[in-house]
Amino acid sequence: LSVGREIARNIICKSKFWGIPAIIYTKNNNYKIIVDRLISRKDFGYLPIAIIDLKKSPESYTSENSYQNIPIFSNNIDIQNTIKSLKIKVAIVIDSDDISIDSEAYLPILNYYRYIFKIPKKQSIDSLAVSVRDFGGIFGFSSTHNLTKPLNLFIKRLIDILVLLIFLPFYLPLILII
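We now turn to the structure provided with this report.

Rules and cut-offs
Residues numbered from 1 in each chain as written. Predicted model: local features only at pLDDT ≥ 70, side-chain atom pairs only at ≥ 80, totals over all residues. Heavy atoms only, no water. Helix = DSSP H or I, 4+ residues; strand = E, 2+ residues; numbered from the N terminus. Buried < 20%, exposed > 50% of the residue type's maximum accessible area, 1.4 Å probe, protein only. Salt bridge = Lys/Arg side-chain N within 4 Å of Asp/Glu carboxyl O. Arc of directions from axis to C-beta. Contact = heavy atoms within 4.5 Å. Polar contact = N/O pair within 3.5 Å; in protein donor to acceptor, adjacent residues only side chain to side chain.

1. What to know about the side chain of D53
On the secondary structure map, D53 appears in strand β2 (residues 46–53). Residue D53 is classed as buried on the basis of its relative accessible area of 13%.

Structural data, given as structure tokens:
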């Protein structure tokens, strides 16, 4: 089964309709190697359509800024609105010293994208407890954020309210006594 899947993927990846659009986030030039891999190995299934430089100021952007015909933008509200209007749900965050889970630059990425691949700066970790994706010898961490879908968020809120209402008769007297 896996051999058949691999053969089918290598045949279908030559189609111009193949590939899930992905946005690359970076703070320096370390994006080049992953973009090169994604372009040369279309069977990975991800098509980089824009590079967002989190360090670049909006004033420094010109229309000539691109790498391998992929435009490079600074991170601003117009770009984020365009990404949302195109309904792009995959982000590839290339790790650097400045991008961390706690940084302000990373929070909007966590809040919007359903699938996030974080390419770590250090590639020599022996064991991992997360889902890992291989980009031709470069590994990245993968996470799925199901609560970015409105229906899933609505169902979660509904369950929260139902659980609260079910247990309220038990907790209300306790709270009133205290």
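2. A few points about unusual backbone geometry
Non-glycine residue Q68 carries a positive phi angle of around 55 degrees. As for its position among the elements, Q68 is in the loop between β3 (66–67) and β4 (70–74). Of note in this structure, N69 is not a glycine but carries a positive phi near 65 degrees. Mapping N69 onto the fold places it in the loop between β3 and β4.

3. Considerations on the pattern of salt bridges
Side chains bearing opposite charge may pair, as long as their charged atoms lie close to each other. Applying the stated criterion across every chain, the model contains two salt bridges. We note a salt bridge from R41 to D43, for which the minimum N-O separation is 3.0 Å. Between K156 and D160 there is a salt bridge, with the nearest N and O atoms lying 2.7 Å from each other. Of the two residues, K156 and D160 are both situated in helix α5 (residues 150–177); the distance of four residues between them amounts to about one turn of the helix. Given a relative accessible area of 30%, K156 falls into the partly exposed group. Using a relative accessible area of 36% as the deciding quantity, one classes D160 as partly exposed.

4. Overview of helix α3 (residues 77–85)
Among all positions in α3, only I79, Q80 and I83 are buried. What you see down the axis of α3 is that its buried residues fit within an arc of 100 degrees, all on one side. Structural note: α3 exposes I77, D78 and S85 on the side pointing more than 90 degrees away from its buried face. Residues of α3 that are buried sit in contact with β1 (20–26), β2, β4 and α4 (106–112). The opening residue of α3, the one whose side-chain oxygen lies 3.0 Å from the backbone nitrogen of D78, is N76.

5. A word on the environment of R114
Tracing the sequence through the fold places R114 in the loop between α4 and β6 (115–119). For the pair R114 and I88, spaced 26 residues apart in the sequence, the C-alpha separation amounts to 8.9 Å. Within the structure, R114 has its side chain in polar contact with the side chain of Y115 (distance 3.1 Å).

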